[in-house]
Amino acid sequence: MIGDLFAILGLAMFCFLFWQQRRQSELAKAAIARRCDRLDIQLLSVAFKKHSIGKFGGRLRWYTQYQFEFSALGDDYYQAELTMHGFRVGSFAIPPYRMSESSL
């Protein structure tokens, strides 16, 4: 009886964490798409990279990194990263990329 209760609670916790991860992934994809639109670059793909714990702003925090690929001119591609702190955008790490002459 107690074992069944723990199994149900464990399953409920797993489902809750899965749902929260999906929610965070959707927010990350939307933030990446907005940033690419602002920079006038083409978003190619988005992928989860890792979960980790680190110090940000002097506090120990749980964060998630997403890796994405983009193209600046259509014949190239670059890799960049987004760090999420919970459901908030932490920081982008976007490498230097070639710009078209019309963007200058």
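Rules behind the numbers
Residues numbered from 1 in each chain as written. Predicted model: local features only at pLDDT ≥ 70, side-chain atom pairs only at ≥ 80, totals over all residues. Heavy atoms only, no water. Helix = DSSP H or I, 4+ residues; strand = E, 2+ residues; numbered from the N terminus. Buried < 20%, exposed > 50% of the residue type's maximum accessible area, 1.4 Å probe, protein only. Polar contact = N/O pair within 3.5 Å; in protein donor to acceptor, adjacent residues only side chain to side chain. Contact = heavy atoms within 4.5 Å. Phe/Tyr/Trp six-rings, centres within 6.5 Å; stacked < 30°, edge-to-face > 60°. Core = buried A, V, L, I, M, F, W, Y, C linked by side-chain atoms within 4.5 Å. Patch = residues over 30% accessible without salt bridge, like charges linked within 9 Å, V, L, I, M, F, W, Y side chains within 5 Å. Areas by Shrake-Rupley, 256 points an atom, 1.4 Å probe, with all protein chains shown as cover. Salt bridge = Lys/Arg side-chain N within 4 Å of Asp/Glu carboxyl O. Pairing = 2+ DSSP bridges.

Colleague: Explain the side chain of Ser-71 here, please?
Modeller: Note on placement: Ser-71 falls in strand E2 (residues 59–71). A relative accessible area of 2% means that Ser-71 is categorised as buried. Here Gly-74 takes part through its backbone nitrogen, which lies 2.9 Å from a polar atom of the side chain of Ser-71. Engagement of the side chain of Ser-71 in a polar contact is seen with the backbone oxygen of Asp-76, the distance being 2.9 Å. Residues within four places of Ser-71 in sequence aside, it is in contact with Ile-41, Gln-42, Leu-44, Asp-76 and Tyr-77.

Colleague: Whenever I open this one, the packing of aromatic side chains confuses me. Can you help?
Modeller: Here the distance between the centres and the angle between the planes together describe a pair of aromatic rings. Within the structure shown, the criterion is met by 7 aromatic pairs. Geometrically, the ring pair formed by Phe-70 and Tyr-78 is stacked, given 5.4 Å between the ring centres and 25° between the ring planes. Judged by its relative accessible area of 17%, Tyr-78 is buried. An angle of 80° between the planes, with centres 5.4 Å apart, marks the rings of Phe-70 and Tyr-97 as edge-to-face.

Colleague: Sorry, what's going on with the environment of Met-99 here?
Modeller: When you line up the elements, Met-99 lands in the segment after strand E4 (88–93). Judged by relative accessible area, Met-99 falls into the partly exposed class, the value being 46%.

Colleague: Before we go on, may I ask you to explain the nonpolar core in this structure?
Modeller: What tends to happen in soluble globular proteins is that the nonpolar side chains get buried as a cluster. Membership of the largest hydrophobic core comes to 14 residues, with the highest contact counts inside it found for Ile-32, Phe-68, Phe-70, Leu-82 and Phe-92. Looking at this core, the elements that each hand over two or more residues are helix H1 (2–39), E2 and strand E3 (78–85). Excluding anything up to four places from it in sequence, Phe-70 contacts Ile-41, Gln-42, Leu-43, Leu-44, Asp-76, Tyr-77, Tyr-78, Ala-80, Ile-94, Pro-95 and Tyr-97.

Colleague: Teacher, can you tell me more about a nonpolar patch on the surface here?
Modeller: A surface patch of nonpolar side chains, amounting to about 430 Å² of accessible area, comprises Ile-2, Leu-5, Phe-6 and Leu-9. With respect to the helices and strands, Leu-5 occurs in helix H1. Classification of Leu-5 by relative accessible area gives partly exposed; the value is 45%.

Colleague: What is the right way to read the pairing of strand E1 (residues 42–56) from this model?
Modeller: Looking down a regular strand, the side chains alternate between one sheet face and the other. With 13 bridges joining them, E1 and E2 adopt antiparallel strand pairing. Its bridge partner being in E2, Ser-52 is matched across the sheet by Tyr-63. The loop that links E1 with its antiparallel partner E2 comprises 2 residues; one of these, Gly-57, has a positive phi angle of about 65°.

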